[in-house]
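Commentary on secondary and tertiary structure
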Amino acid sequence: MFNWLIVGAGFAGSVLAERMASQRQESVLIVDRRNHVGGNAYDCYDEAGILIHRYGPHIFHTNAQSIIDYLSQFTEWRSYEHRVLSLVDGKLLPIPINLDTINRLYGLKLTSEQLQEFFASRRETVEEVRTAEDVVVSTVGRELYEKFFRGYTRKQWGVDPSQLSKSVTARVPTRTDRDDRYFGDTFQKMPAGGYTRMFQRMLDNPKIKIMLQTDYREIRDKIPFQRMIYTGPIDEFFDWKLGRLPYRSLRFEHVTLDCEEFQPVAVVNYPQTENYTRITEYKHLTGQKSPKTSLTYEYPSDIGDPYYPVPRPENEALYKSYEALAAACPQVWFVGRLATYRYYNMDQVVGQALATFARIQKSMPANGIGQMPTQREAAE
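Here we summarise the structure given alongside this text. (Residues numbered from 1 in each chain as written. Predicted model: local features only at pLDDT ≥ 70, side-chain atom pairs only at ≥ 80, totals over all residues. Heavy atoms only, no water.)

Quick notes on the overall build of the protein
Within the protein, the secondary structure is distributed over 14 helices and 17 strands. In terms of overall dimensions, the protein is globule-like: its C-alpha atoms have a radius of gyration of 22 Å, near the 21 Å expected for 380 residues. Each of the 380 residues in the protein was classed as buried or not, and the buried ones make up 55%. In the structure as shown, the protein presents an accessible area of about 17300 Å², 47% of it carried by carbon and sulfur atoms. In the protein, 47 positive and 47 negative side-chain charges are present, and the distance between their average locations comes to 2 Å. (Helix = DSSP H or I, 4+ residues; strand = E, 2+ residues; numbered from the N terminus. Rg over C-alpha atoms; globule rule 2.2 N^0.38 Å. Buried < 20%, exposed > 50% of the residue type's maximum accessible area, 1.4 Å probe, protein only. Areas by Shrake-Rupley, 256 points an atom, 1.4 Å probe, with all protein chains shown as cover. Lys, Arg positive; Asp, Glu negative; His and termini not counted. Charge placed at Lys NZ, Arg CZ, Asp CG, Glu CD.)

Okay, here's the thing in structure tokens:
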């Protein structure tokens, strides 16, 4: 009998599998429908020998030293600061919007102080900031919202920003200096050997068994286990009994070109043109040298694997109903983006997994065979 069945071999499942095996000396069976570990962060070498991210670019960044210390047990790091350009009015401009974005877009020579006045003259007064549209127009005004945000957001989410939670665009800062980094975190690096190698090291423990290309429902009544950690869609766990939670998916088109470089940065966004939202060129991320280059085009979709919970009030209300069902499951812990219906960065998922492990440690002795308290009880 396994002490733990862990559903999903992405960040949440893999971190908890590693902690259970190494710190509690407990046996773990980790299962995943895909044919690899690493979840959406999975990377691999393509036919050109270039390390690509199968599910789009994953850039690691965090301000949490505890998370850096934890993951550094399994990887060395390559320094990398992510920069993104956006094709607007035929020009490649820095995003998030900064001083250079505005000066190059309008042919101006504003200073940082003048840019603050520029934004102040254009922003709209919004009595209560509730939606993704409200966030942008109340910060930089309607015209920049239309040029940089509305089209991209509509492609990404399938609905207008006025119908989405403010959390969607609140994640993207607006700067009045020339800082063109996409993230402002103190730690911005890439795993030196790639994400997959990091996951393989994390799961390299004799107490951890891995079953890939496996739906846990096919084995849960055949392989005995004491407790479960579930990282899949929470509505699927309950057989959609309250209705389906909406998710957005992505379709990826991977191509290799006979040229050394296709674009000046790793990611270029397309808010005004094309059906795809962005193009990623991986050599910028890995630092590899090659006469060829590999790209990924991203096409948002309602069909396919669930990637992004759709942040709308009615969806949050439905999730809360599922959360109540989950809280009453004494032997199952729900962790990760899909299981808690939240858009988390990678470091946030690691942090949530480590916090979950700490609560388990506090609430139950290692190899305990008594009933596991529910998540709600353990948190109190």
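The discussion continues.
Digging into the sheet that holds strand β10 (residues 208–211)
Within the open sheet, the five strands sit side by side as β10-β2-β1-β11-β17. Their pairing is parallel. Looking along the sheet, the strands with just one partner apiece sit at the ends: β10 and β17 (332–334). Strand-to-strand twist across the sheet, computed as the mean angle between neighbouring axes with direction ignored, equals 20°. Pairing of strand β11 (residues 225–230) with β17, which is carried by three bridges, proceeds in the parallel orientation. The residue of β17 that forms the bridge with Met228 is Val332. Packing against the sheet, helix α1 (residues 11–23) makes contact with β1 (2–7), β2 (28–31), β10 and β11, and its axis sits at approximately 170° to β2. (Pairing = 2+ DSSP bridges. Axes fitted to C-alpha atoms, helices over the stretch in contact; angles between N-to-C directions. Contact = heavy atoms within 4.5 Å.)

Quick notes on the nonpolar core
Phe11, Leu71 and Phe334 are the most contacted members of the largest nonpolar core, which has 103 residues in total. It is α1 that contributes the most residues to this core, seven residues altogether. When residues no more than four places from it in sequence are discounted, the contact partners of Leu71 are Phe11, Phe60, Trp77, Met198, Met202 and Val350. Counting residues in each nonpolar core, the second largest holds nine residues, with Leu85, Val265, Val268 and Ile279 among its members. (Core = buried A, V, L, I, M, F, W, Y, C linked by side-chain atoms within 4.5 Å.)

Quick look at the side chain of His58
Relative to the assigned elements, His58 resides in the loop between β4 (51–53) and β5 (60–62). Residue His58 is classed as buried on the basis of its relative accessible area of 15%. A polar contact is formed between the side chain of His58 and the backbone oxygen of Gly56, at a distance of 2.8 Å. The contact partners of His58, leaving out residues within four places of it in the chain, are Asn40, Ala41, His53, Met190, Tyr195 and Met346. (Polar contact = N/O pair within 3.5 Å; in protein donor to acceptor, adjacent residues only side chain to side chain.)

Description of the packing of aromatic side chains
Taken as a whole, this structure holds 26 aromatic pairs when the rule is applied. Here the aromatic rings of Tyr247 and Tyr341 are separated by 5.2 Å at their centres, their planes lie at 80°, and the arrangement is edge-to-face. Of the two residues, Tyr247 sits in strand β12 (residues 247–257) while Tyr341 sits in the loop between β17 and α13 (346–363), which places them 94 residues apart along the sequence. Judged on exposure class, the residue Tyr247 and its partner Tyr341 are both buried. One cation-aromatic arrangement involves Arg34 over Tyr55; the distance from NZ or CZ to the ring centre is 4.0 Å. The side chain of Arg251 reaches across the aromatic face of Tyr299, ending 4.1 Å from its centre. (Phe/Tyr/Trp six-rings, centres within 6.5 Å; stacked < 30°, edge-to-face > 60°. Lys NZ or Arg CZ within 6 Å of the ring centre and 35° of its normal.)

Topic: the pairing of strand β7 (residues 84–88)
In terms of burial, β7 is a largely internal element, four of the five residues being buried. Strand direction decides the pairing type here: β7 and strand β8 (residues 91–95), joined by five bridges, are antiparallel. Each bridged residue has a counterpart across the sheet, and for Leu87 the counterpart in β8 is Leu92. Pairing geometry for β7 and strand β13 (residues 267–269), over three bridges, is parallel. Each bridged residue has a counterpart across the sheet, and for Val84 the counterpart in β13 is Val267.

Nothing here speaks to function; it is all geometry.
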